[in-house]
Amino acid sequence: MPETNSNQSPTTGSKSSAPVTASAPVTASAPNTAQYPNGRGYYMFLIGYLVMLSAFGSFVNDMYIPTLPAMRRFFHCTVSVVQLGLTTGMAGLAVGQIFLGPLSDRYGRKPVLLISLGVFIIGAIASVYSPTIHAFLGWRFVQGLGASGGYFLSRTVPADIYGGRPLAKMMALIGAINGFAPASAPVLGGFLGESIHWQGIFWVLAGLAGLLVVVSFFYKESLPPSRREKGPLRDMFNEYVPLLKERPFMTHVMLKGAALGLLFAYTASAPFIMQEIYGFSQLKFGLFMGFNALFTAAGAMFALKFKVLKRAAWVGGWVLMLATTVEALALFFIRDFWAYECTLLPMLFSMGMIFTVGNTLAMNEGRTNAGAASAILGVGGYVFGAAVSPLVGLGDIRHSTAIVFLVMAALTVLCSYGSRLLPADLNKQAQTK
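Residues numbered from 1 in each chain as written. Predicted model: local features only at pLDDT ≥ 70, side-chain atom pairs only at ≥ 80, totals over all residues. Heavy atoms only, no water.

(A) Broad picture of helix 13 (residues 337–365). End to end, helix 13 covers 42 Å across 29 residues, agreeing with the expected 42 Å (1.5 Å per residue, within 8%). Within helix 13, 25 of the 29 residues are buried, which leaves it mostly tucked inside the rest of the structure. For helix 13, the capping residue at the N-terminal end is Asp336, with a side-chain oxygen 3.1 Å from the backbone nitrogen of Trp338. (Helix = DSSP H or I, 4+ residues; strand = E, 2+ residues; numbered from the N terminus. Expected span 1.5 Å × (residues − 1). Buried < 20%, exposed > 50% of the residue type's maximum accessible area, 1.4 Å probe, protein only. Polar contact = N/O pair within 3.5 Å; in protein donor to acceptor, adjacent residues only side chain to side chain.)

(B) The pattern of salt bridges, seen in detail. Inspection of the entire model under this criterion finds four salt bridges. Glu276 is paired through a salt bridge with Arg72; the nearest N and O atoms lie 3.0 Å apart. You can see Glu276 sitting in helix 10 (residues 247–277) and its partner Arg72 sitting in helix 2 (residues 68–75), a full 204 residues away along the chain. We classify Glu276 as partly exposed; its relative accessible area is 39%. For Arg109, the salt bridge is made with Asp105, and the minimal N-O distance between the two is 2.8 Å. A residue is classified by how much of its surface remains accessible, and Asp105, at 4% relative accessible area, is buried. A single salt-bridge network, built from bridges that share partners, covers Asp105, Arg109 and Asp160. (Salt bridge = Lys/Arg side-chain N within 4 Å of Asp/Glu carboxyl O.)

(C) Structural detail: the confidence of the model for the protein. Of all residues in the protein, 87% attain a pLDDT of 70 or more, and the chain-wide mean is 80. Confidence, expressed as mean pLDDT per element, reaches its minimum in the protein at helix 16 (residues 426–431) with 44 and its maximum at helix 12 (residues 310–333) with 94. Taken as a whole, residues 1–34 scores under 50 in pLDDT and shows 78 contacts with residues more than four places along the chain or in a different chain. (pLDDT = per-residue confidence, 0-100. Contact = heavy atoms within 4.5 Å.)

(D) Region of interest: the packing of aromatic side chains. The tally for this structure, following the rule as stated, stands at 28 aromatic pairs. Measuring from ring centre to ring centre gives 5.4 Å for Phe74 and Trp198, while their planes differ by 75°; the resulting arrangement is edge-to-face. Here Phe74 is found in helix 2, whereas its partner Trp198 is found in helix 8 (residues 197–216), with 124 residues between them in sequence. In this structure an aromatic cluster arises from ring pairing among Tyr64, Phe74, Phe75, Phe136, Trp198 and Phe202. Above the plane of the ring of Phe280 lies Lys284, whose end atom (NZ or CZ) is 4.7 Å from the centre. (Phe/Tyr/Trp six-rings, centres within 6.5 Å; stacked < 30°, edge-to-face > 60°. Lys NZ or Arg CZ within 6 Å of the ring centre and 35° of its normal.)

(E) Focus on the nonpolar core. The biggest cluster of nonpolar side chains holds 125 residues, and the ones touching the most others in it are Phe136, Tyr266 and Tyr340. With residues up to four places along the chain from it excluded, the contact list for Tyr340 reads Tyr266, Ala270, Ile273, Met274, Tyr278, Glu327 and Leu331. (Core = buried A, V, L, I, M, F, W, Y, C linked by side-chain atoms within 4.5 Å.)

(F) Representation of the packing of helix 13 against helix 14 (residues 370–391) in the model. Where helix 13 contacts helix 14, the two axes come as close as 9 Å, and the packing angle between them is 145°. In the packing of helix 13 onto helix 14, the handedness of the crossing is right-handed. Here helix 13 contributes Gly358, Asn359, Ala362 and Met363 to the contact with helix 14, which in turn contributes Ala370, Ala373, Ser374 and Leu377. Among the residues making up the contact of helix 13 with helix 14, the classes are represented as five nonpolar, three polar and no charged. (Axes fitted to C-alpha atoms, helices over the stretch in contact; angles between N-to-C directions. Left-handed = near helix turned anticlockwise from the far one by under 90°. Nonpolar A, V, L, I, M, F, W, Y, C, P; charged D, E, K, R; others polar.)

(G) A look at the environment of Pro224. Residue placement: Pro224 occurs in the loop between helix 8 and helix 9 (240–245). Residue classification places Pro224 among the buried residues on the basis of a relative accessible area of 13%. Pro224 sits 119 residues away from Asp105 along the chain, and the two C-alpha atoms are 9.9 Å apart.

As C-alpha coordinates, then:
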(Lines give C-alpha, C1' and ligand atoms only; values in the text may rest on other atoms or scores of the structure.)
Protein backbone atom coordinates (compact mmCIF):
# COMPACT_ATOMS: atom_id res chain seq x y z
CA MET A 1 0.00 0.00 0.00
CA PRO A 2 1.21 3.58 -0.55
CA GLU A 3 2.73 5.37 2.43
CA THR A 4 0.05 7.40 4.21
CA ASN A 5 -0.25 9.93 6.98
CA SER A 6 -0.98 8.41 10.36
CA ASN A 7 -3.59 11.07 11.11
CA GLN A 8 -7.19 10.15 10.36
CA SER A 9 -10.39 12.07 10.32
CA PRO A 10 -12.49 11.09 13.30
CA THR A 11 -15.56 11.14 11.13
CA THR A 12 -14.64 9.15 8.03
CA GLY A 13 -11.61 7.07 8.76
CA SER A 14 -10.01 8.43 5.61
CA LYS A 15 -6.33 9.29 5.75
CA SER A 16 -5.82 13.03 5.84
CA SER A 17 -3.07 15.06 4.29
CA ALA A 18 -0.92 17.97 5.35
CA PRO A 19 -2.04 21.49 4.54
CA VAL A 20 -1.29 22.51 1.01
CA THR A 21 -1.07 25.60 -1.13
CA ALA A 22 -0.99 26.11 -4.86
CA SER A 23 2.74 26.76 -4.65
CA ALA A 24 3.52 23.72 -2.52
CA PRO A 25 1.71 20.62 -3.68
CA VAL A 26 1.64 17.56 -1.47
CA THR A 27 0.92 13.90 -1.87
CA ALA A 28 -1.91 12.10 -0.18
CA SER A 29 0.48 11.32 2.65
CA ALA A 30 3.01 14.10 3.23
CA PRO A 31 4.68 17.12 1.62
CA ASN A 32 6.37 16.12 -1.61
CA THR A 33 7.98 19.33 -2.82
CA ALA A 34 11.30 17.60 -3.37
CA GLN A 35 9.74 15.11 -5.76
CA TYR A 36 7.20 17.23 -7.59
CA PRO A 37 7.46 20.65 -9.31
CA ASN A 38 6.00 23.37 -7.11
CA GLY A 39 6.33 26.50 -9.22
CA ARG A 40 3.33 28.44 -10.45
CA GLY A 41 4.32 27.84 -14.06
CA TYR A 42 4.10 24.06 -13.72
CA TYR A 43 0.92 24.39 -11.65
CA MET A 44 -0.73 26.27 -14.53
CA PHE A 45 0.59 23.69 -17.02
CA LEU A 46 -0.85 20.92 -14.84
CA ILE A 47 -4.25 22.62 -14.76
CA GLY A 48 -4.22 22.96 -18.54
CA TYR A 49 -3.00 19.40 -19.03
CA LEU A 50 -5.66 17.91 -16.78
CA VAL A 51 -8.31 20.00 -18.49
CA MET A 52 -7.17 18.54 -21.81
CA LEU A 53 -7.38 14.99 -20.45
CA SER A 54 -10.83 15.53 -18.99
CA ALA A 55 -12.02 17.43 -22.06
CA PHE A 56 -10.90 14.59 -24.30
CA GLY A 57 -13.48 12.30 -22.66
CA SER A 58 -16.15 14.92 -23.31
CA PHE A 59 -15.09 15.26 -26.94
CA VAL A 60 -15.19 11.49 -27.44
CA ASN A 61 -18.78 11.43 -26.15
CA ASP A 62 -20.14 14.76 -27.37
CA MET A 63 -18.47 15.69 -30.64
CA TYR A 64 -20.30 13.16 -32.79
CA ILE A 65 -23.70 13.57 -31.07
CA PRO A 66 -24.98 16.11 -33.66
CA THR A 67 -24.46 13.48 -36.37
CA LEU A 68 -26.56 10.74 -34.68
CA PRO A 69 -29.63 11.33 -36.90
CA ALA A 70 -27.39 11.29 -40.01
CA MET A 71 -25.68 8.11 -38.79
CA ARG A 72 -29.07 6.47 -38.25
CA ARG A 73 -29.86 7.13 -41.90
CA PHE A 74 -26.37 6.03 -43.05
CA PHE A 75 -26.57 2.67 -41.26
CA HIS A 76 -30.35 2.22 -41.82
CA CYS A 77 -31.06 1.49 -38.17
CA THR A 78 -33.39 2.69 -35.43
CA VAL A 79 -32.84 5.54 -32.99
CA SER A 80 -32.21 3.18 -30.07
CA VAL A 81 -29.64 1.17 -32.04
CA VAL A 82 -27.60 4.19 -33.12
CA GLN A 83 -27.74 5.48 -29.53
CA LEU A 84 -26.01 2.25 -28.52
CA GLY A 85 -22.86 3.93 -29.83
CA LEU A 86 -23.03 6.08 -26.71
CA THR A 87 -23.69 3.00 -24.59
CA THR A 88 -20.80 0.93 -25.99
CA GLY A 89 -18.46 3.91 -25.72
CA MET A 90 -19.42 4.36 -22.08
CA ALA A 91 -19.09 0.62 -21.48
CA GLY A 92 -15.54 0.81 -22.81
CA LEU A 93 -14.82 3.79 -20.57
CA ALA A 94 -16.11 1.85 -17.58
CA VAL A 95 -14.28 -1.40 -18.31
CA GLY A 96 -11.07 0.45 -19.14
CA GLN A 97 -11.09 2.27 -15.82
CA ILE A 98 -11.62 -0.97 -13.87
CA PHE A 99 -8.30 -2.31 -15.19
CA LEU A 100 -6.33 0.89 -15.67
CA GLY A 101 -7.01 2.25 -12.18
CA PRO A 102 -5.11 -0.49 -10.29
CA LEU A 103 -2.51 -0.73 -13.07
CA SER A 104 -1.74 2.97 -12.73
CA ASP A 105 -1.40 2.51 -8.95
CA ARG A 106 1.27 -0.11 -9.66
CA TYR A 107 3.12 1.17 -12.71
CA GLY A 108 2.51 4.92 -12.60
CA ARG A 109 0.14 7.28 -14.36
CA LYS A 110 2.12 8.18 -17.48
CA PRO A 111 2.72 4.70 -19.00
CA VAL A 112 -0.94 3.77 -18.56
CA LEU A 113 -2.01 7.03 -20.21
CA LEU A 114 0.24 6.63 -23.25
CA ILE A 115 -0.87 3.06 -23.89
CA SER A 116 -4.55 3.94 -23.55
CA LEU A 117 -4.24 6.85 -25.98
CA GLY A 118 -2.66 4.49 -28.52
CA VAL A 119 -5.62 2.13 -28.16
CA PHE A 120 -8.03 5.01 -28.74
CA ILE A 121 -6.29 6.08 -31.94
CA ILE A 122 -6.66 2.55 -33.32
CA GLY A 123 -10.35 2.43 -32.41
CA ALA A 124 -11.12 5.87 -33.85
CA ILE A 125 -9.48 5.17 -37.21
CA ALA A 126 -11.05 1.71 -37.50
CA SER A 127 -14.53 3.09 -36.79
CA VAL A 128 -14.32 5.28 -39.90
CA TYR A 129 -14.27 2.15 -42.06
CA SER A 130 -17.11 0.35 -40.24
CA PRO A 131 -19.27 -1.43 -42.86
CA THR A 132 -22.22 -1.93 -40.46
CA ILE A 133 -23.61 -0.35 -37.33
CA HIS A 134 -22.55 -3.46 -35.39
CA ALA A 135 -18.92 -3.02 -36.43
CA PHE A 136 -19.12 0.64 -35.49
CA LEU A 137 -20.50 -0.26 -32.05
CA GLY A 138 -17.59 -2.64 -31.50
CA TRP A 139 -15.03 0.01 -32.36
CA ARG A 140 -16.81 2.49 -30.12
CA PHE A 141 -16.15 0.07 -27.26
CA VAL A 142 -12.45 0.09 -28.19
CA GLN A 143 -12.53 3.89 -28.27
CA GLY A 144 -14.00 3.89 -24.77
CA LEU A 145 -11.23 1.60 -23.54
CA GLY A 146 -8.62 3.97 -24.92
CA ALA A 147 -10.27 7.20 -23.76
CA SER A 148 -10.69 5.87 -20.22
CA GLY A 149 -7.02 6.45 -19.39
CA GLY A 150 -7.09 10.20 -19.79
CA TYR A 151 -10.56 10.55 -18.37
CA PHE A 152 -9.91 8.89 -15.02
CA LEU A 153 -6.38 10.25 -14.67
CA SER A 154 -7.75 13.80 -14.80
CA ARG A 155 -9.30 12.98 -11.40
CA THR A 156 -6.47 10.76 -10.13
CA VAL A 157 -3.51 13.11 -10.60
CA PRO A 158 -4.98 15.93 -8.44
CA ALA A 159 -5.62 13.41 -5.65
CA ASP A 160 -1.98 12.29 -5.92
CA ILE A 161 -0.88 15.80 -5.01
CA TYR A 162 -3.65 17.54 -3.03
CA GLY A 163 -6.23 16.91 -0.34
CA GLY A 164 -9.03 18.82 1.41
CA ARG A 165 -10.07 22.25 0.14
CA PRO A 166 -7.07 22.60 -2.22
CA LEU A 167 -8.24 19.40 -3.92
CA ALA A 168 -11.78 20.79 -4.09
CA LYS A 169 -10.50 24.05 -5.58
CA MET A 170 -8.40 22.30 -8.20
CA MET A 171 -11.11 19.85 -9.23
CA ALA A 172 -13.77 22.55 -9.39
CA LEU A 173 -11.45 24.75 -11.43
CA ILE A 174 -10.74 21.90 -13.83
CA GLY A 175 -14.44 21.11 -13.99
CA ALA A 176 -15.40 24.70 -14.68
CA ILE A 177 -12.78 25.22 -17.39
CA ASN A 178 -13.68 21.86 -18.80
CA GLY A 179 -17.24 23.10 -19.11
CA PHE A 180 -16.07 24.64 -22.37
CA ALA A 181 -15.34 21.13 -23.71
CA PRO A 182 -18.95 19.92 -23.72
CA ALA A 183 -19.82 23.46 -24.76
CA SER A 184 -17.50 23.47 -27.76
CA ALA A 185 -17.63 19.77 -28.70
CA PRO A 186 -21.21 19.80 -30.06
CA VAL A 187 -20.57 23.10 -31.84
CA LEU A 188 -17.44 21.74 -33.50
CA GLY A 189 -19.21 18.46 -34.16
CA GLY A 190 -22.15 20.21 -35.78
CA PHE A 191 -19.82 22.22 -38.01
CA LEU A 192 -17.72 19.20 -38.96
CA GLY A 193 -20.80 17.03 -39.44
CA GLU A 194 -22.06 19.36 -42.15
CA SER A 195 -18.67 19.55 -43.91
CA ILE A 196 -16.72 16.30 -43.42
CA HIS A 197 -19.56 14.14 -42.03
CA TRP A 198 -19.37 11.75 -39.09
CA GLN A 199 -16.34 9.92 -40.47
CA GLY A 200 -14.29 13.11 -40.41
CA ILE A 201 -15.14 13.66 -36.75
CA PHE A 202 -13.38 10.44 -35.79
CA TRP A 203 -10.30 11.44 -37.77
CA VAL A 204 -10.26 14.66 -35.75
CA LEU A 205 -10.59 12.71 -32.49
CA ALA A 206 -7.66 10.50 -33.49
CA GLY A 207 -5.62 13.65 -34.11
CA LEU A 208 -6.55 15.06 -30.69
CA ALA A 209 -5.38 11.82 -29.06
CA GLY A 210 -2.08 12.15 -30.91
CA LEU A 211 -1.69 15.70 -29.61
CA LEU A 212 -2.26 14.46 -26.05
CA VAL A 213 0.50 11.89 -26.53
CA VAL A 214 2.91 14.70 -27.40
CA VAL A 215 1.86 16.93 -24.48
CA SER A 216 2.11 14.00 -22.07
CA PHE A 217 5.88 13.94 -22.38
CA PHE A 218 5.96 17.28 -20.49
CA TYR A 219 3.93 15.88 -17.58
CA LYS A 220 5.99 14.77 -14.57
CA GLU A 221 4.84 11.48 -13.09
CA SER A 222 2.72 12.26 -10.00
CA LEU A 223 3.00 8.80 -8.43
CA PRO A 224 6.67 8.06 -7.67
CA PRO A 225 7.82 4.42 -7.31
CA SER A 226 8.00 4.73 -3.51
CA ARG A 227 4.23 5.27 -3.34
CA ARG A 228 3.12 2.62 -5.81
CA GLU A 229 1.27 -0.54 -4.92
CA LYS A 230 3.43 -3.60 -4.41
CA GLY A 231 2.65 -7.27 -4.62
CA PRO A 232 1.69 -9.64 -7.46
CA LEU A 233 -0.38 -8.36 -10.35
CA ARG A 234 -3.07 -10.95 -9.68
CA ASP A 235 -3.93 -9.09 -6.49
CA MET A 236 -4.52 -5.75 -8.21
CA PHE A 237 -8.30 -5.91 -7.81
CA ASN A 238 -7.91 -6.21 -4.04
CA GLU A 239 -7.62 -2.42 -3.96
CA TYR A 240 -11.32 -2.17 -4.73
CA VAL A 241 -12.55 -4.13 -1.71
CA PRO A 242 -11.95 -1.54 1.07
CA LEU A 243 -13.19 1.27 -1.16
CA LEU A 244 -16.42 -0.54 -2.00
CA LYS A 245 -17.03 -1.06 1.73
CA GLU A 246 -16.45 2.59 2.65
CA ARG A 247 -19.84 4.25 3.01
CA PRO A 248 -18.81 7.91 2.57
CA PHE A 249 -16.85 7.09 -0.58
CA MET A 250 -19.61 5.00 -2.17
CA THR A 251 -22.30 7.53 -1.23
CA HIS A 252 -20.52 10.18 -3.27
CA VAL A 253 -19.82 7.74 -6.10
CA MET A 254 -23.56 7.10 -6.33
CA LEU A 255 -24.31 10.82 -6.08
CA LYS A 256 -22.03 11.63 -9.01
CA GLY A 257 -23.25 8.60 -10.97
CA ALA A 258 -26.94 9.43 -10.68
CA ALA A 259 -26.41 13.03 -11.77
CA LEU A 260 -24.17 11.90 -14.64
CA GLY A 261 -26.85 9.44 -15.73
CA LEU A 262 -29.29 12.33 -16.04
CA LEU A 263 -26.72 14.28 -18.07
CA PHE A 264 -26.26 11.36 -20.46
CA ALA A 265 -30.03 11.00 -20.82
CA TYR A 266 -30.10 14.64 -21.88
CA THR A 267 -27.22 14.33 -24.36
CA ALA A 268 -28.61 11.12 -25.89
CA SER A 269 -32.10 12.54 -26.43
CA ALA A 270 -31.30 16.15 -27.32
CA PRO A 271 -30.17 15.65 -30.96
CA PHE A 272 -33.43 13.89 -31.85
CA ILE A 273 -35.64 16.30 -29.92
CA MET A 274 -33.94 19.41 -31.31
CA GLN A 275 -33.24 18.22 -34.85
CA GLU A 276 -36.12 15.88 -35.71
CA ILE A 277 -38.90 17.46 -33.62
CA TYR A 278 -37.93 21.14 -33.64
CA GLY A 279 -36.13 21.11 -37.00
CA PHE A 280 -32.68 22.41 -35.97
CA SER A 281 -29.65 21.91 -38.17
CA GLN A 282 -26.61 20.07 -36.81
CA LEU A 283 -24.76 23.37 -36.39
CA LYS A 284 -27.63 25.17 -34.66
CA PHE A 285 -28.12 22.18 -32.39
CA GLY A 286 -24.42 22.26 -31.50
CA LEU A 287 -24.61 25.96 -30.64
CA PHE A 288 -27.47 25.39 -28.21
CA MET A 289 -25.71 22.40 -26.65
CA GLY A 290 -22.59 24.51 -26.22
CA PHE A 291 -24.49 27.36 -24.60
CA ASN A 292 -26.25 24.95 -22.24
CA ALA A 293 -22.97 23.34 -21.16
CA LEU A 294 -21.74 26.66 -19.80
CA PHE A 295 -24.39 26.41 -17.08
CA THR A 296 -22.88 23.12 -15.93
CA ALA A 297 -19.49 24.83 -15.68
CA ALA A 298 -21.01 27.73 -13.72
CA GLY A 299 -22.64 25.30 -11.30
CA ALA A 300 -19.32 23.50 -10.77
CA MET A 301 -17.68 26.72 -9.55
CA PHE A 302 -20.71 27.90 -7.59
CA ALA A 303 -20.50 24.79 -5.39
CA LEU A 304 -17.31 26.20 -3.86
CA LYS A 305 -19.36 29.06 -2.37
CA PHE A 306 -20.69 26.60 0.22
CA LYS A 307 -18.53 26.46 3.35
CA VAL A 308 -19.60 22.84 3.90
CA LEU A 309 -19.26 21.39 0.43
CA LYS A 310 -21.83 18.62 0.69
CA ARG A 311 -24.57 21.21 1.31
CA ALA A 312 -24.14 22.18 -2.33
CA ALA A 313 -25.31 18.69 -3.28
CA TRP A 314 -28.38 18.96 -1.04
CA VAL A 315 -29.38 22.34 -2.47
CA GLY A 316 -28.47 21.32 -6.01
CA GLY A 317 -30.40 18.07 -5.69
CA TRP A 318 -33.66 19.79 -4.81
CA VAL A 319 -33.22 22.45 -7.49
CA LEU A 320 -32.59 19.59 -9.93
CA MET A 321 -35.74 17.74 -8.81
CA LEU A 322 -37.92 20.84 -9.15
CA ALA A 323 -36.53 21.81 -12.57
CA THR A 324 -36.74 18.22 -13.84
CA THR A 325 -40.39 17.97 -12.81
CA VAL A 326 -41.21 21.12 -14.79
CA GLU A 327 -39.16 19.80 -17.72
CA ALA A 328 -41.04 16.50 -17.69
CA LEU A 329 -44.39 18.31 -17.76
CA ALA A 330 -43.15 20.40 -20.69
CA LEU A 331 -42.06 17.31 -22.60
CA PHE A 332 -45.39 15.60 -22.04
CA PHE A 333 -47.79 18.48 -22.59
CA ILE A 334 -46.07 21.47 -24.24
CA ARG A 335 -44.65 21.10 -27.76
CA ASP A 336 -42.54 24.24 -27.56
CA PHE A 337 -38.76 24.47 -27.85
CA TRP A 338 -38.34 27.38 -25.44
CA ALA A 339 -40.26 25.59 -22.69
CA TYR A 340 -37.87 22.65 -23.18
CA GLU A 341 -34.73 24.82 -23.38
CA CYS A 342 -35.33 27.23 -20.51
CA THR A 343 -36.03 24.45 -18.04
CA LEU A 344 -32.82 22.66 -19.01
CA LEU A 345 -30.65 25.54 -17.75
CA PRO A 346 -31.35 25.19 -14.00
CA MET A 347 -31.11 21.42 -14.42
CA LEU A 348 -27.60 21.70 -15.88
CA PHE A 349 -26.51 24.31 -13.34
CA SER A 350 -27.51 22.09 -10.42
CA MET A 351 -25.84 19.08 -12.04
CA GLY A 352 -22.61 21.07 -12.16
CA MET A 353 -22.88 21.69 -8.41
CA ILE A 354 -23.37 17.99 -7.77
CA PHE A 355 -20.45 16.98 -9.99
CA THR A 356 -18.05 19.13 -7.94
CA VAL A 357 -19.31 17.65 -4.67
CA GLY A 358 -19.30 14.05 -5.90
CA ASN A 359 -15.87 14.22 -7.55
CA THR A 360 -14.16 16.07 -4.71
CA LEU A 361 -15.54 14.22 -1.71
CA ALA A 362 -15.17 10.79 -3.32
CA MET A 363 -11.56 11.42 -4.36
CA ASN A 364 -10.71 13.06 -1.03
CA GLU A 365 -11.97 9.98 0.80
CA GLY A 366 -10.28 7.50 -1.53
CA ARG A 367 -7.06 9.30 -2.42
CA THR A 368 -4.72 6.80 -0.68
CA ASN A 369 -5.67 4.47 -3.58
CA ALA A 370 -6.39 7.25 -6.04
CA GLY A 371 -6.25 5.12 -9.20
CA ALA A 372 -8.74 2.56 -7.94
CA ALA A 373 -10.92 5.28 -6.37
CA SER A 374 -11.05 7.24 -9.62
CA ALA A 375 -11.88 4.05 -11.51
CA ILE A 376 -14.85 3.28 -9.26
CA LEU A 377 -16.02 6.89 -9.50
CA GLY A 378 -15.83 6.79 -13.28
CA VAL A 379 -17.46 3.39 -13.62
CA GLY A 380 -20.34 4.46 -11.40
CA GLY A 381 -21.18 7.31 -13.74
CA TYR A 382 -20.90 5.27 -16.91
CA VAL A 383 -23.02 2.44 -15.55
CA PHE A 384 -25.86 4.91 -15.21
CA GLY A 385 -25.05 6.56 -18.52
CA ALA A 386 -24.86 3.31 -20.46
CA ALA A 387 -28.20 2.21 -19.02
CA VAL A 388 -30.20 5.37 -19.74
CA SER A 389 -28.87 6.30 -23.21
CA PRO A 390 -30.92 3.72 -25.18
CA LEU A 391 -33.95 4.06 -22.87
CA VAL A 392 -34.66 7.63 -23.95
CA GLY A 393 -35.13 6.41 -27.53
CA LEU A 394 -37.97 4.00 -26.73
CA GLY A 395 -41.40 4.98 -28.04
CA ASP A 396 -42.14 8.71 -28.11
CA ILE A 397 -38.72 10.17 -27.31
CA ARG A 398 -40.17 13.14 -25.45
CA HIS A 399 -42.16 10.93 -23.08
CA SER A 400 -39.42 8.36 -22.50
CA THR A 401 -36.92 11.16 -21.89
CA ALA A 402 -39.24 12.79 -19.35
CA ILE A 403 -39.61 9.52 -17.43
CA VAL A 404 -35.85 8.85 -17.38
CA PHE A 405 -35.22 12.43 -16.26
CA LEU A 406 -37.59 12.07 -13.31
CA VAL A 407 -36.16 8.73 -12.19
CA MET A 408 -32.56 9.93 -12.29
CA ALA A 409 -33.38 13.23 -10.56
CA ALA A 410 -35.18 11.39 -7.75
CA LEU A 411 -32.19 9.05 -7.32
CA THR A 412 -29.85 12.06 -7.21
CA VAL A 413 -31.90 13.68 -4.43
CA LEU A 414 -31.85 10.40 -2.50
CA CYS A 415 -28.05 10.21 -2.78
CA SER A 416 -27.68 13.87 -1.74
CA TYR A 417 -29.72 13.04 1.36
CA GLY A 418 -27.34 10.16 2.06
CA SER A 419 -24.42 12.57 1.78
CA ARG A 420 -26.16 15.03 4.11
CA LEU A 421 -26.40 12.34 6.79
CA LEU A 422 -22.64 11.81 6.79
CA PRO A 423 -20.84 13.81 9.51
CA ALA A 424 -17.63 14.32 7.53
CA ASP A 425 -16.77 17.09 5.10
CA LEU A 426 -13.61 18.78 3.85
CA ASN A 427 -13.81 21.55 6.46
CA LYS A 428 -14.08 19.08 9.32
CA GLN A 429 -11.10 17.16 8.01
CA ALA A 430 -9.14 20.37 7.78
CA GLN A 431 -9.63 20.98 11.51
CA THR A 432 -7.85 17.71 12.31
CA LYS A 433 -4.79 18.37 10.18
